[in-house]
Amino acid sequence: MSNTPFFNDNWLELQRQYWDTWTDMSRKAMGLDSAASAPTQPWEAAIDQWWKAVSPATPDLSRTFMDKLLEQGKNVFRLADTFAQRDDSAPVTNGFELWTQALETMQQRFSGSLDDNSTTMQRLMSFWELPLDNWQRMMSSMSPLPGDALRNMPHAPFKDSLDRALSAPGLGYTREEQTQYQELLRSAMNYQTALQEYTQFYSTLGTKSVERMGSYIQNVIDSGKTIDSARALYDNWVTCCEGVYAEEVATPEYAQIHGRLINAQMALKKRLSILVDENLGALNMPTRSEVRTLQDRLQETRRDNKALRQSLNSLERRVAALAGEEPTRTPPTALRTTTPVKAPARRRTTKPDA
Amino acid sequence: MFPIDIRPDKLAQEMFDYSRKLGQGMENLLNAEAIDTGVSPKQAVYSEDKLTLYRYDTPDGIEPQPVPLLIVYALVNRPYMTDIQEDRSTIKGLLATGQDVYLIDWGYPDQADRAITLDDYINGYIDRCVDHLCEAHGVDQVNLLGICQGGAFSLMYTALHPEKVRNLVTMVTPVDFQTPGNLLSAWVQNVDIDLAVDTMGNIPGELLNWTFLSLKPFSLTGQKYINMVDLLDDPDKVKNFLRMEKWIFDSPDQAGETFRQFIKDFYQRNGFINGGVVLGEREVNLKDVTCPVLNIFALQDHLVPPDASKALKGLTSSTDYTELAFPGGHIGIYVSGKAQKEVTPAIGKWLNER
């Protein structure tokens, strides 16, 4: 155990030297020019450079997988880096003050907007971006628009004037069309509001998770132990975040935020579908609405058809039984069937005990 | 004493080790080739629309039980979870106990399947599979094993067709959908399911993936990849991890009308508890379940909390009700080494005794 600070004044310099050497060796091994511009984040740049060199030969599945490993690896070291970067201007009298300062710095960073472009903040926030990133990826897969298309769009300053404009009744021959576009814009605004509310929820959780981490570190102090690796720090950070998250998303407040986000997204998508259908109709092409009507009718017909086939077969079997004949037709279930490979045991079971 | 003692040299060493493991892991990833799933030999014996009914080959030297066992898997994710790898296979374990195992593979519904209803699944597809097995084996009844949502389907089927089910096994099956701590249920209460289904038609698998990952976002989308780096130097473990990764994200879309009824009747109205679930023209009443029931749940299940499954006790009219609590999670109950030793042999023994 040590009473010295968990990083020393030479930390950044040591880090830079280590990764400069590592990077230089890698570049030479790959036949690349080592005189290129020096990386500003040496270890991140080294990892990126290594990956750029080897990734083209990697199959897609492996590449995607390795991307995840690399990104999470960066999260581990970013976190350690955050704790390992000291503000030299701040007087440090003992270790307790030092980590308290580090936590306060984390809290300050969390209390800002998630969309701040600050590099230092992003190191921490990238972790709490995970749930948001998951949402955006999912939305992107379901929409022609990027998942974050509306996330950063400022709307508060214009909300009132937009509301007024959207409330104005349509006029003239294109009245219905105007109304459709008004509804679309209104849905987009509602979705944007819901998305920002969702984002804000995570911002609040970030602050709480730092407090939880503080409590955890206090327990470490009380127990006389230390956290001596980036991995251990990361694992504890995950535990704290997951704990805070589990508590907060179980609240009725979150259930409402979650519901509003999904509902707003669906309402927007429905508006878009209506407009697409309008245009398809104008082009004399089948619309989604028409296709669905056909699907419903077809399913009803198929359901009836299957039921009739089963009834018919049942009747045929009864007739055959009355006539003392073995039914020659295939079983009623044999819509498409093949015989089991192994001969089954042809034995009737007894009735259940119950 | 300072609680965080990450020395620069140790952090640099951690980074170096991480990059070394990634480098070694690349080789194993490149050699991983295609990910195979579903290891036990099987034959397609019946198909209808996108459904395929498989029969698994009975191992040499084992006399199969006369009553076939039909596994009804959930519509969510793919059924090869039950047979994911050679040493982690529920199917293999059941075959070893003498069960004649059949499994319904629902396939991947597309928009043409949007109008398929819960009634079509339960009274249509499952019923015709059961009829097929009865016909092929010359029996009046089958044993049913329902998994997760497939367990709820099996309960409904047994309640509506008690004369066709000799024994019922439910695994990690939700019965009370509104127990405390059921996050999925809490989140969906404020979602306008009609709007979602009317908008999307089918519900995309990506939306379900996002929901499941949102239960533990930091562990499931971050930390597990860091943990994976430690396994990268073992080709078998890499392949096993990728196999599980494939299963997790292999998420079929949900037929819209079925999803609508399932979420509204069960998650929002808690239909097994409160009643009111109508399929075709008949109401589902669990009191109509009279056969022996084995109810298996996982104590650390974060998708279907144990209390959600345990609620089945007392809801049926069965005089032969047994519970089996497994100390693991929703997936571990199929793929963990402990499950292979405890769960599958217990199911086989329970069935063979009846």
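Cut-offs applied
Residues numbered from 1 in each chain as written. Chains lettered and ligands numbered in written order. Predicted model: local features only at pLDDT ≥ 70, side-chain atom pairs only at ≥ 80, totals over all residues. Heavy atoms only, no water. UniProt positions renumbered as here; feature names shortened; annotations may be inferred. Helix = DSSP H or I, 4+ residues; strand = E, 2+ residues; numbered from the N terminus. Buried < 20%, exposed > 50% of the residue type's maximum accessible area, 1.4 Å probe, protein only. Contact = heavy atoms within 4.5 Å. Areas by Shrake-Rupley, 256 points an atom, 1.4 Å probe, with all protein chains shown as cover. Rg over C-alpha atoms; globule rule 2.2 N^0.38 Å. Lys, Arg positive; Asp, Glu negative; His and termini not counted. Charge placed at Lys NZ, Arg CZ, Asp CG, Glu CD. Salt bridge = Lys/Arg side-chain N within 4 Å of Asp/Glu carboxyl O. Axes fitted to C-alpha atoms, helices over the stretch in contact; angles between N-to-C directions. Parallel < 35°, antiparallel > 145°, perpendicular 65-115°, else oblique. Nonpolar A, V, L, I, M, F, W, Y, C, P; charged D, E, K, R; others polar.

Under an unreviewed UniProt entry, chain B has the name Poly(3-hydroxyalkanoate) polymerase subunit PhaC and belongs to Allochromatium warmingii. As its UniProt record puts it under Sequence similarities (unreviewed entry), chain B is described as follows: "Belongs to the PHA/PHB synthase family. Type III PhaC subfamily." Quoted straight from UniProt, the Subcellular location (unreviewed entry) entry for chain B says "Cytoplasm".

As recorded in an unreviewed UniProt entry, chain A goes by the name Poly(3-hydroxyalkanoate) polymerase subunit PhaE, listed as coming from Allochromatium warmingii. What the UniProt record of chain A gives under Pathway (unreviewed entry) is the line "Biopolymer metabolism; poly-(R)-3-hydroxybutanoate biosynthesis."

Undergrad: Can you walk me through the overall build of chain A in this structure?
TA: Helix and strand counts for chain A come out as 11 helices and 0 strands. Listing every helix and strand of chain A by position from the N terminus yields α-α-α-α-α-α-α-α-α-α-α. Counting over 354 residues, chain A shows a buried share of 38%. Within chain A, counting contacts between residues at least 6 apart in sequence, those at least 24 apart form 69% of the total. Of the roughly 20000 Å² of accessible surface on chain A, a fraction of 54% belongs to carbon and sulfur atoms.

Undergrad: Help me out: how do you make sense of the overall build of chain B in this one?
TA: Broken down by element type, chain B carries 14 helices and 12 strands. For 354 residues, the compact-globule estimate of 2.2 N^0.38 gives 20 Å, and the C-alpha radius of gyration of chain B, at 22 Å, lies within 12% of that figure. For chain B, the spread of C-alpha atoms along the three principal axes comes to 70 × 55 × 45 Å. Looking at chain B residue by residue over its 354 residues, the buried ones come to 65%. Considering only residue pairs separated by 6 or more positions, chain B has 79% of its internal contacts joining residues 24 or more positions apart. Surface summary for chain B: the accessible area is close to 11700 Å², and the carbon and sulfur share equals 50%. The averaged location of the 49 negative side-chain charges in chain B is 5 Å from the averaged location of its 31 positive side-chain charges.

Undergrad: Is there a simple way to explain the pattern of salt bridges in this structure?
TA: For side chains bearing opposite charge, pairing can occur when the charged atoms are close. Residues and elements named next belong to chain B. Across all of its chains, the model carries 29 salt bridges over all chains by this definition. The shortest N-O distance in the salt bridge between Asp-194 and Arg-260 comes to 2.9 Å. Taken together, the residues span a long stretch of sequence, with Asp-194 in helix α6 (residues 193–200) and Arg-260 in helix α10 (residues 256–268) at a distance of 66 residues. One salt bridge in this structure joins Arg-269 and Asp-265, with 3.1 Å as the shortest N-O distance. Under the relative-accessibility criterion, Arg-269 is labelled partly exposed at 46%. Residue class for Asp-265 comes out buried when judged on its relative accessible area of 7%.

Undergrad: Could you clarify how one ought to interpret the UniProt feature "domain: AB hydrolase-1" (unreviewed entry) in chain B in this entry?
TA: Look at the UniProt record and you will see "domain: AB hydrolase-1" (unreviewed entry) annotated at residues 68–334 of chain B. When the span residues 68–334 of chain B is considered, its composition is 43% helix and 16% strand, and the gap between its end C-alpha atoms is 20 Å.

Undergrad: Can you help me understand the packing of helix α3 (residues 118–137) of chain B against helix α4 (residues 149–160) of chain B in this one?
TA: Packed helix pairs are specified by the crossing angle of their axes together with the interaxial distance, meaning the distance between the axes. Residues and elements named next belong to chain B. One way to put it is that α3 packs onto α4 with a least axis distance of 10 Å and a crossing angle of 75°. By the criterion of interaxial angle, the relationship of α3 to α4 is roughly perpendicular. Here Leu-118, Tyr-121, Ile-122, Asn-123, Ile-126, Asp-127 and Val-130 of α3 lie close against α4, whose contacting residues are Phe-153, Met-156, Tyr-157 and Leu-160. Here the residues of the contact of α3 with α4 sort into 9 nonpolar, 1 polar and 1 charged.

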